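# Chains, contacts and geometry: an overview
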Amino acid sequence: MRGKLITLEGIDGSGKSTVCQLMKNEKRFSGHVFTREPTTSWIGDAVNRALRSDTDLIAELMLFLADHADHISRLIRPSLESGSNVISDRYSASRCAYQGATLAGLFDEPLDWIRSLHKGWTIEPDLIVLFDIDPLVAVKRCGERGERSKFEKIEFLKKVRSNYLRLAADEPSRFVVINADRPLDEVKEDVFRTIAHAIEGQE
Ligand code: TYD
């Protein structure tokens, strides 16, 4: 039986990566394949280089897409076909939400355009868990990490969040929106329950 693909999404500082780390250590999720985008491949390295420099925004998007294509053929498809469940920290919705915001001045409907660029070759997740949080709270949480990149600015993250919420509204059956502005334990339990339910059909 084909495995299930679950993706975790949310703005920087939403707590997504922390919960993902906790999930890796949780017995009930052992045996699942944990992965992330940008990946740790050389294309993922190129993506990270682009993010740290003044790279053209379309070039940056294309690098993210190249990383996604390589991720799918190298890990996602083979894992799902061999029956493993895959949990990815960020996936296509990150592109729609983030590059949908960075390219907002260049196109009328960047989110729709980016979504269409994935059509025909991507593998759609069975479940997308969206860690939803006010960018003000998220940026405060990132305080310790400093002004890491352009992505951590509040105005920008407001656009990213609204793109995420639009994606969720467009596909309510694929998305579960989690209120991430709560104590970590509560968010974690909610996320674990949601994912276990999707994978095993259990509460
Ligand atoms: P990530 O390593 O997940 O950030 P974090 O340090 O919060 O764990 O991702 C790096 C940045 O890349 C993050 O700000 C989100 C952004 N990003 C995009 O803009 N588009 C994409 O398609 C992806 C996967 C990430």
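We now turn to the structure provided with this report. (Residues numbered from 1 in each chain as written. Predicted model: local features only at pLDDT ≥ 70, side-chain atom pairs only at ≥ 80, totals over all residues. Heavy atoms only, no water.)

### Topic: the overall build of the chain
Formally: The numbering of helices and of strands both runs from the N terminus, where a helix is a DSSP run of H or I of at least 4 residues and a strand a run of E of at least 2. Throughout this description, buried means an accessible area under 20% of the type-specific maximum (1.4 Å probe, protein chains only), exposed means over 50%, and partly exposed covers the range between. Whether two residues are in contact is decided by their heavy atoms, any of which lying within 4.5 Å being enough. Asp and Glu count as negative and Lys and Arg as positive, but His and the ends of the chain are not part of the count. By convention, charge coordinates are those of NZ in Lys, CZ in Arg, CG in Asp, or CD in Glu.
Helix and strand content of the chain: eight helices and five strands. Beginning at the N terminus, the succession of helices and strands in the chain can be written as β-α-β-α-α-β-α-α-β-α-α-β-α. For the chain, the C-alpha atoms occupy an extent of roughly 45 × 35 × 30 Å along the three principal directions. Counting only residues that meet the buried cut, the chain has 48% of its 203 residues in that class. For the chain, restricting intrachain contacts to residue pairs at least 6 apart in sequence, the fraction spanning at least 24 positions comes to 78%. With 29 positive and 32 negative side-chain charges, the chain shows a separation of 2 Å between the mean positions of the two kinds.

### Notes on empty space enclosed by the protein
Rolled over the atoms, a probe with the dimensions of a water molecule shows which regions are left empty. Using the following cut-off: In the cavity and pocket records, a cavity denotes points on a 1 Å grid over the protein atoms alone where a 1.4 Å probe fits but cannot get out, a pocket denotes an open set with protein on both sides within 12 Å along at least 5 of 7 lines, and lining residues are residues with an atom within 4 Å of a point. Grid points are joined across faces, edges and corners, and a volume is the space filled by probe spheres set on the points.
Within the structure shown, the criterion is met by one cavity of 30 Å³ or more. Taken as a whole, the largest cavity spans an internal volume of roughly 40 Å³. Considering the residues around the largest cavity, the lining is formed by Ile11, Leu130, Phe131, Asp132, Ile133, Arg161, Tyr164 and Leu165.

### Re the sheet that holds strand S2 (residues 33–36)
Within a sheet, neighbouring strands are paired by backbone hydrogen bonds and run either parallel or antiparallel to one another. Heads up, the rule is: Two strands are counted as paired when DSSP detects at least two bridges linking them. What counts as an axis is a line fitted to C-alpha atoms, over the stretch in contact for a helix, and the angles between N-to-C directions run from 0 to 180 degrees.
Spatial strand order, S2-S3-S1-S4-S5: five strands in an open sheet with parallel pairing. Two strands close off the open sheet at either side, each with one partner strand: S2 and strand S5 (175–179). In this sheet, neighbouring strand axes are inclined to one another by 20 degrees on average, regardless of whether the strands run parallel or antiparallel. Where strand S1 (residues 5–10) lies against strand S4 (residues 127–132), five bridges are found, and the strand directions are parallel.

### A few points about the site of the ligand
Rule in force here: Any residue with a heavy atom positioned within 4 Å of a molecule or strand is treated as near that molecule or strand. Here a polar contact is taken to be a pair of N or O atoms separated by no more than 3.5 Å, where protein atoms must pair a possible hydrogen donor with a possible acceptor and residues adjacent in sequence count only if both atoms sit in side chains. Note on areas: these come from Shrake-Rupley sampling with a 1.4 Å probe, and a residue is covered only by the protein chains present in the view. Gly is put with the polar residues, along with every residue not named as nonpolar or charged; the nonpolar set is Ala, Val, Leu, Ile, Met, Phe, Trp, Tyr, Cys and Pro, and the charged set is Asp, Glu, Lys and Arg.
Lining the immediate surroundings of the ligand are 15 residues, of which Arg36, Arg90, Arg95, Tyr98 and Gln99 lie closest. One of the side-chain N or O atoms of arginine 36 is found 2.5 Å from an oxygen atom in the ligand. The separation between an oxygen atom of the ligand and a polar side-chain atom of arginine 90 is 2.8 Å. Notes on the ligand: free accessible area 540 Å², of which the protein chains cover 91%. For the shell around the ligand, the element with the most residues is helix H4 (residues 92–102), which contributes four residues. Looking at the shell around the ligand residue by residue, the classes come out as five nonpolar, three polar and seven charged.

### Considerations on helix H5 (residues 110–118)
Going by this rule: Working definition: the arc comes from the directions between the helix axis and the C-beta atoms, pointing outward to the latter.
Residues Pro110, Leu111, Ile114 and His118 constitute the buried set of H5. The buried residues of H5 all sit within an arc of 100 degrees when viewed along its axis, so they share a single face. Tucked inside the fold, the buried residues of H5 contact helix H3 (57–81), H4 and helix H7 (154–170). Of the residues trailing H5, glycine 120 is marked for its positive phi of about 95 degrees.

### Comments concerning the layout of surface pockets
Taken as a whole, the second largest pocket holds about 230 Å³ of empty space. Ser92, Cys96, Arg115, Glu124 and Glu171 are, among the 15 residues lining the second largest pocket, the residues nearest its centre. Of all the secondary structure elements, the ones that give two or more residues to the lining of the second largest pocket are H4 and H5. With three residues, the top contributor of residues to the lining of the second largest pocket is H4.

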